Amino acid sequence: MPEENRFHLSIGSRFENIELVQVVLRDALLRLGMDEDARHWVDIAVREAVANAIKHGNEQNPAKTVQVDLAVEGEELVIRVADEGAGFDPDGVHDPLAPENLLRPNGRGIFYMRSFMDNIHYGSAPGGGTLVTLRKRLAGPKADPSQAEEEGHRMNVNVRQSGDVKILDLKGKITIGSGEVALRNAVQGVLDSGAQKVLINMRDVSTIDSSGIGELVSAYTTATNRGGKLKLVNLPAKVTDILTITQLITVFDVYDNEEEAIRSF
């Protein structure tokens, strides 16, 4: 692998540093000629690995670092993420597809990594902590590395009204550290205002990770527990894919058309 396509990053345990990893990762994947679809899923898997290292491994201690390495070994892309925590047993994580766990707001990160990569392995980092190794076969049509992928933006939420339905227009990333908080605050705000019918428009959502999915589940549960209804409309294809593999597509009321969604309340 050419030296310019290989990287090592050492980041402090802050969620905003995940975006730095993603920028460097996307550049490397483009240089490798990986197609847009594969880049997206590798991006999500690595985001989950780094988020877990920060949150669960290093317990968000900014004095502890996360090491991220990318290389090519044979025909495989290999990404290693190491933290400085106490380590854990991945087999002890509950199955997010079990019926009793579908509405849990967390616990999907490892499932995403296993779904989107060809192989993941957990071991001990050289200096202690956990080392997760993610592997993806390099195959398929080659992308033009001169064509930079359009970046998603920090989450913005616009709230509007249609009759007695509150509509939340989301734009950007629903990811750990900022997007999930923006979604949580927006849903909480409309529910606290007395809204009983909430429609989340996801047309302009560029990325959603397991924390974002967890916030959607929490929003649905909170609205239901308050006697209200929360529905989704205009899901991008990749968001639909994630809801499908987690079986949450069977939990949410999902619509392709806003007028139809409003009439359904």
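None of these values were measured; they are calculated from a predicted model. (Residues numbered from 1 in each chain as written. Predicted model: local features only at pLDDT ≥ 70, side-chain atom pairs only at ≥ 80, totals over all residues. Heavy atoms only, no water.)

Engineer: Looking at this structure, I do not really get the sheet that holds strand E5 (residues 130–137). What am I missing?
Structural biologist: Whenever strands of a sheet pair, they do so through backbone hydrogen bonds, lying parallel or antiparallel. Pairing is antiparallel in the open sheet, where five strands are placed in the order E1-E2-E3-E5-E4. One side of each edge strand has no neighbouring strand; the edge strands of this open sheet are strand E1 (7–12) and strand E4 (119–124). In this sheet, adjacent strand axes meet at a mean angle of 15° when their direction is disregarded. In this structure, strand E3 (residues 76–82) lies alongside E5, joined through seven bridges in antiparallel fashion. When the bridges of E5 are listed, Arg 80 appears paired with Thr 133. Here helix H1 (residues 17–31) sits on the sheet in contact with E1, strand E2 (65–73) and E3, set at roughly 170° to E1. (Pairing = 2+ DSSP bridges. Helix = DSSP H or I, 4+ residues; strand = E, 2+ residues; numbered from the N terminus. Axes fitted to C-alpha atoms, helices over the stretch in contact; angles between N-to-C directions. Contact = heavy atoms within 4.5 Å.)

Engineer: Help me understand unusual backbone geometry, please; the structure alone is not making it clear to me.
Structural biologist: Among all residues except glycine, the phi angle is most often negative; among peptide bonds, the trans geometry is most common. For Glu 59, which is not glycine, the phi dihedral falls at a positive 50°. Considering the arrangement of structural elements, one finds Glu 59 in the loop between helix H2 (36–57) and E2. Although it is not a glycine, Gln 60 adopts a positive phi angle of roughly 60°. Assignment of secondary structure puts Gln 60 in the loop between H2 and E2.

Engineer: Looking at this structure, how should I read the sheet that holds strand E10 (residues 253–255)?
Structural biologist: Read from one edge of the open sheet, five strands run E6-E7-E8-E9-E10, paired in mixed fashion. Two strands lie at the open edges of the sheet, namely strand E6 (156–162) and E10, each paired on one side alone. Sheet twist, expressed as the mean angle between neighbouring strand axes with direction ignored, is 25°. Relative to strand E7 (residues 165–174), E6 is paired through seven bridges, and the arrangement is antiparallel. Its bridge partner lying in E7, Ser 162 is registered against Val 165. Running at roughly 105° to strand E8 (residues 197–208), H2 makes contact with E7 and E8 of the sheet. Sitting on the sheet, helix H5 (residues 210–225) touches E7, E8 and strand E9 (229–233), and the angle it makes with E8 is about 180°.

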